Amino acid sequence: MILVGELSLWIALLMCAWSVTLSFAGGRLRREDLVASGERGLYAGAGFVALASVGLWTALLSSDFSLRYVASFTSANLPIVYKISAFWGGQAGSMLFWCLILALYAALATWVNRGKNRELMPWVTGTSALVLLFFVATTAISSNPFERLEWVPADGRGLNPQLQNPAMAIHPPMLYLGYVATAIPFAFAVGALVSRRLDAAWLGAVRRWALVSWVFLTVGIVLGMWWAYVELGWGGYWMWDPVENASLLPWLTGTAFLHSIMIQEKRGMLRKWNVVLVIGTFLLSILGTFITRSGVIQSVHSFAQSPVGAWFAWFLAGTLAASVWLVSIRLKDLEPKAELEAMISREAAFLYNNLVLVGIAFSVLWGTLFPILSEAVRGAKITVGESFFNSVNVPLGLLLLALTGIGPLIAWRRASFANVRRQFAAPAALGLIVGAVLFTLGVRQLSPLVAWTLCAFVAGTILQEFHKGVGARRRMYDEAAPVALARLVARNRRRYGGYIVHAGIVILFAAFAGMAFRAEHDVTLADGESFTTLDPYGRSWTFTNDGLSQYKVLNREVVAVSLRPEMEGRALPLLISEKRQHVDSRGNPTFQPSTEVGILYTARQDVYLVLAGVIGNRAEVRINFNPLVMWVWAGGLLMAVGGLIVMWPQSERRRQSGYAAELAPGVEVGAA
Amino acid sequence: MHPRNKFIIGGALVLGTAGFLMAGSIRDTGVYFLTPAELQAKVAADPTLRETGVKVGARVVAGSVVRDSGGRQVTFQMTDGTATYTVDYRGIIPDTFSDSVDVVVEGRLGADGTFRATTLLAKCASRYEAAPEGYKPGTREAYERAAAETPATPATDTPR
């Protein structure tokens, strides 16, 4: 099976080359037979990539240590779930995983469009086969997971304990599913440009793919944050590390695209911009893969100085050059069909939304690449830290938050004063009241105060929309409120799913703002000693050291400290933090010691305990109060749910009946 | 005025402000990222660079790590093969820190030649493997060299 897998990889390479040639030739010569052959080549290529993946999984599950990859990332007694996830745990395997996802996506896109978009499809199939060809070639030639060792070691080296975490098993595939999905809209953009079918049809075909990518990236990023928070023990969930930034960049431009696409659908504007965003998002996900594998940028994650980096650099440069050329020869076909009519309009709000999202993406890219840029220009590597990203992105993020409230409610073309007053009076009042209450409660820091005020405003706009929609259905169909709510969402998935995503964003921003009030205490506590402090809400907490314990369990030696927390005299569950030293069967230490943090989750804040070390019977601990962290996960989950609602297929008939009950805020006063 | 021009002015204002903030924070918080050899050369050329915040990326010298029993202080030597500095770090020591790992330290080089670090980042092991120099795939030597850098484990950890 392993031999079959290795051979399959090489056969897949040939099939992709076949598909590229035949599809492009068929598209050029308008020969349906060649196009059909190209599509069959892609299906075959996808099948052989899948077969190669089965081969690698077989090797991993049967612990065939004659393969270097299997010996490097698993051991005989590794739990089976981590043997499966070791597929994407290392360089070579994760490259094959990229190929697998891309192959399945490309085959699916070709199959779904077998009776549609025929002018575009040869180029779409050819382009996705070309991208697949690149990835399969890189995997087979420069990073082959089927590479053999000269002899067979008795056991493999195992998996780093920090990666033995359920979140770590699913976080990378989620991100890959998101990254790779950007290739399909890119292929459609190329197809539309080449075949000059630049009407709205290609946009309809790519919108769902862009959403797939967006949902997976959202889930992947949030899972990564959660893993960092519970496993790395520094008390936060985001540190603007290059790897984190690499995943954020395509998310930002993808989000911009999902908004600007609406402007093109309704008004025929932003046609050049949309093509550029689709191409840019794909390039950024390739850049992200390049950053994480080439070792050009210093990061806490360790990266190989592997030859894969050079392959990616050439692919990136080639794709960029080809895209610029292709867009430039089609500029005439991309003239807008309408002009911006007024600054107080939905078009303008969406334009600013795009400007801000791309601005954030640019600043993140700039900060991430700054060491390379400064070295090239000034001959010295200069790095920027968290404060760089925060000082730029906090104001831009707040502007974006405000637009989240304004964009969906303001009228198309030109909003009248009456429209603005009707849509925004109540939410704005809510925002100001919340802001004033928080101010009197003692919130004096500018950014969190503004953030929470805006959060209340946006939440107000969303609630108002749901209230109006439910009210309209109740009047028209005489439905009970819960039924009306469910049908409202089910029949207008795109619109109300979007509001649910926005609600998730509001929760997320409110939670981010909470971190401005985090408090950190480094204390040393002997047995029975206690430490009293105030939390960010001004309540008194006492932590009493219940003692250190030392024991052996399974494959590790553990030193644990337990603290008994009391809040305003009320006893709360024990907080336990451990230092673990993994050992092998002879008791020799393996890997470095790892820390398990203790977290008391509450809606207001997490109390986060880290055991730093032990001197005699005294424990050195760090206690963090992290306000509102739970809401980061809640907001992320809500965003993913909203995204799924938007994505869910809806029959044409349903959609029609849904629109009947729709109170479109733009339409009712659009003419005013 | 044409609405499009109004938008362009507004957009320029937004981007201009963002650019201004970016430039300002690079000036205020950007720090040199150096290897020990570069640090040595820079300090020789410009002694005022001592007591200026810099970041240094280097490898921990095997056997040089002296941990304070508490776990909030450590001294070690870092090197890039050319220059070597003693580092004194106070703070929580990351789990991934140990002998022979690659670290990034941020801090100041004191007048006594000791680097006082305020942050210590250690690269986490075995994410994507580095190919060592002169590495020939598939040979026993290559595998064992890599194995020596990340010791083998019978990782039967229960899923957490």
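Calculation rules
- Residues numbered from 1 in each chain as written.
- Chains lettered and ligands numbered in written order.
- Predicted model: local features only at pLDDT ≥ 70, side-chain atom pairs only at ≥ 80, totals over all residues.
- pLDDT = per-residue confidence, 0-100.
- Contact = placed C-beta atoms within 7 Å.
- Pairing = 2+ DSSP bridges.
- Helix = DSSP H or I, 4+ residues; strand = E, 2+ residues; numbered from the N terminus.
- Axes fitted to C-alpha atoms, helices over the stretch in contact; angles between N-to-C directions.
- Domains from an automatic or database assignment.
- Nonpolar A, V, L, I, M, F, W, Y, C, P; charged D, E, K, R; others polar.
- Parallel < 35°, antiparallel > 145°, perpendicular 65-115°, else oblique.
- Left-handed = near helix turned anticlockwise from the far one by under 90°.
- Buried ≥ 20, exposed ≤ 12 C-beta atoms within 10 Å, placed from the backbone.

Per-residue confidence for chain A gives a mean pLDDT of 87, with 93% of residues at or over 70. Here residues 656-672 of chain A is a poorly scored stretch, pLDDT under 50, and it has 28 contacts once near neighbours within four places are set aside; other chains count.

All names here are of chain A. Here we have 4 strands laid out as an open sheet, ordered β2-β11-β10-β9, and antiparallel in their pairing. The outermost strands of the open sheet, each flanked by one partner alone, are β2 (519-525) and β9 (598-601). Geometrically, the sheet is characterised by an average inter-axis angle of 15 degrees between neighbouring strands, direction not taken into account. Bridge count for strand β10 (residues 605-615) against strand β11 (residues 618-627) is 10 bridges, and the pairing is antiparallel. In the strand pairing of β11, L609 is matched with I623.

Before going further, it helps to spend a moment on the domain arrangement of chain A. The parts lose accessible area when they come together, and the size of an interface is often stated as this lost area. All names here are of chain A. Domain annotation of chain A identifies domain 1 (1-159), domain 2 (160-339), domain 3 (415-516 + 635-669) and domain 4 (520-630). Domain 3 puts 4 residues into the contact, and the matching count from domain 4 is 4 residues. Residues belonging to the side of domain 3 that touches domain 4 are distributed by class as follows: 3 nonpolar, 1 polar and no charged.

What follows is about the packing of helix α6 (residues 121-142) of chain A against helix α12 (residues 308-329) of chain A. All names here are of chain A. Packing of α6 against α12 leaves a shortest axis separation of 10 Å and a crossing angle of 160 degrees. As the angle between them shows, α6 and α12 are arranged roughly antiparallel. Note on packing geometry: the crossing formed by α6 with α12 is right-handed. Side by side, α6 and α12 meet where F134, T138 and S142 of the first sit next to V308, W311 and F315 of the second. Residues belonging to the contact of α6 with α12 are distributed by class as follows: 4 nonpolar, 2 polar and no charged.

Let us look at the environment of A129 of chain A. Residues and elements named next belong to chain A. Relative to the helices and strands, A129 is located in helix α6. For A129, a count of 33 C-beta atoms within 10 Å translates into the label buried. Once the C-alpha coordinates of A129 and V20 are considered, the two residues, 109 residues apart in sequence, prove to be 5.6 Å apart. Residue contacts for A129: discarding those within four places in its chain leaves C16, S19, V20, S23, L42, G45 and A106.

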